[in-house]
Amino acid sequence: MRAADASHEPKVQHDRLERERLAATADARSRLKGPVRMQFGLALRSAQLFSQGRERSKTTVIRGTHGARLRLLELASRCRERGGPAELRDITLLTMDELNDYVADPPSFAGELASRRARMDQLAVLVPPFCFERLQPPVETWARRDADVANVTAGTTLTGIAGCPGVAKGRARIVLDPLDPRGIGPGEVLVAPITDPSWTPLFVPAEAVVVDVGAQMSHAVIVSRELGIPAVVSVTGATRSIPDGALIEVDGDKGEVRILEV
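All residue numbers here refer to positions counted from 1 along the written sequence of the relevant chain. Totals for whole chains, interfaces and linings use every residue, but because this is a predicted model, local features are given only for residues with pLDDT of at least 70 and side-chain atom pairs only at 80 or more, for both listing and counting. Water and hydrogen atoms play no part in the side-chain values, which are based on all heavy atoms of the structure.

Caption draft 1: Representation of the environment of S115 within the structure. Secondary structure counts use DSSP, requiring at least four H or I residues in a row for a helix and at least two E residues in a row for a strand, with both numbered from the N terminus. Looking at where S115 falls in the secondary structure, it is placed in helix α4 (residues 110–124). Taking C-alpha positions, S115 is 42 Å from V257, a pair spaced 142 residues apart along the chain.

What follows is the structure in structure tokens.
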């Protein structure tokens, strides 16, 4: 981050984006008259309040969930001392209706928890359907996460959802864990499976962001817009098909990722 160009500084980007927003808003207002201009102003204000409220709601839920998680892990720790499983997270394999009985007699759930843990491990190596209609496809039809995927070649264009406008070029840096950023630095494009707040620092030096899974209001899109860097999300399999170090161009206007050189 220290080596990133000064133009990547969040405050600089924020000021630039604010100027562009105000100019675009003024231009739009000047093209409207009477009631339509008033409706435009109300719609714009509503959109701003909605987006802020949505993020505040997410923050509230995350903080509440974190508090509940800490207490649940403490409960699991105490049950482990009385014969419960060594892995504290196994307590999350219980239903709410089972929790009181488990606390009363942790060893009696050993067999059931082992069975559920095995099932969880089995599902963890599979890729659940990105979307489906009516009935969920049988688990037996899900693809394996470790299945071979052919690397893309120069000239290939991958499509996704346009997240933040702009076009940027850089070397792809495939990062699967925010705790192991693999030295991502200036001139590189962050390619990630999915992002949450723990990934935010990695956005600062990146020229652009490409994400396997995401939508118009997902974390990757929101942070990219705040920092003013192009982003394309929902590029299925990007982390497995784009070779690390490939020169790519991210078009945040069209929702495309073009492979220039591998």
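Caption draft 2: The arrangement of the packing of helix α1 (residues 10–30) against helix α2 (residues 34–80) in detail. Two elements in contact, α1 and α2, have axes separated by 9 Å at closest approach and are oriented at 150°. When the axis of α1 is compared with that of α2, the two are roughly antiparallel. Each of R21, T25, A28, R29 and S30 in α1 lies in contact with α2, whose residues at this interface are R37, F40, G41, L44 and Q48. When residues are sorted by character, Ala, Val, Leu, Ile, Met, Phe, Trp, Tyr, Cys and Pro go into the nonpolar class, Asp, Glu, Lys and Arg into the charged class, and all the rest, Gly among them, into the polar class. Here the residues of the contact of α1 with α2 are counted per class, giving 3 nonpolar, 4 polar and 3 charged. A fitted line through C-alpha atoms represents every axis, and for helices the fit uses only the stretch in contact; the resulting angles, taken between N-to-C directions, go from 0 to 180 degrees. When an angle is under 35 degrees it counts as roughly parallel; over 145 it counts as roughly antiparallel; between 65 and 115 it counts as roughly perpendicular; any other value is oblique. Contact criterion: two residues are considered in contact whenever any of their non-hydrogen atoms come within 4.5 Å of each other.

Caption draft 3: Geometry of the pairing of strand β7 (residues 208–211). Because side chains alternate across β7, one face comprises the buried residues A208 and V210, and the other comprises V209 and V211, equally buried. In this description, strands pair whenever DSSP reports at least two bridges between them. Where strand β6 (residues 188–192) lies against β7, 4 bridges are found, and the strand directions are parallel. The partner of L190 across the bridge, within β7, is V209. Direction of pairing for β7 relative to strand β8 (residues 231–233): parallel, over a ladder of 2 bridges. Its bridge partner lying in β8, V210 is registered against V232. Whether a crossover is right-handed depends on one test, that the path from the first strand over the helix to the second runs clockwise when the strands point away from the viewer. Note that the unit made of β7, helix α5 (residues 219–227) and β8 has a crossover that is right-handed. Only protein chains enter the accessibility calculation, which uses a 1.4 Å probe; a residue is then buried when its area is under 20% of its type maximum, exposed when over 50%, and partly exposed in between.

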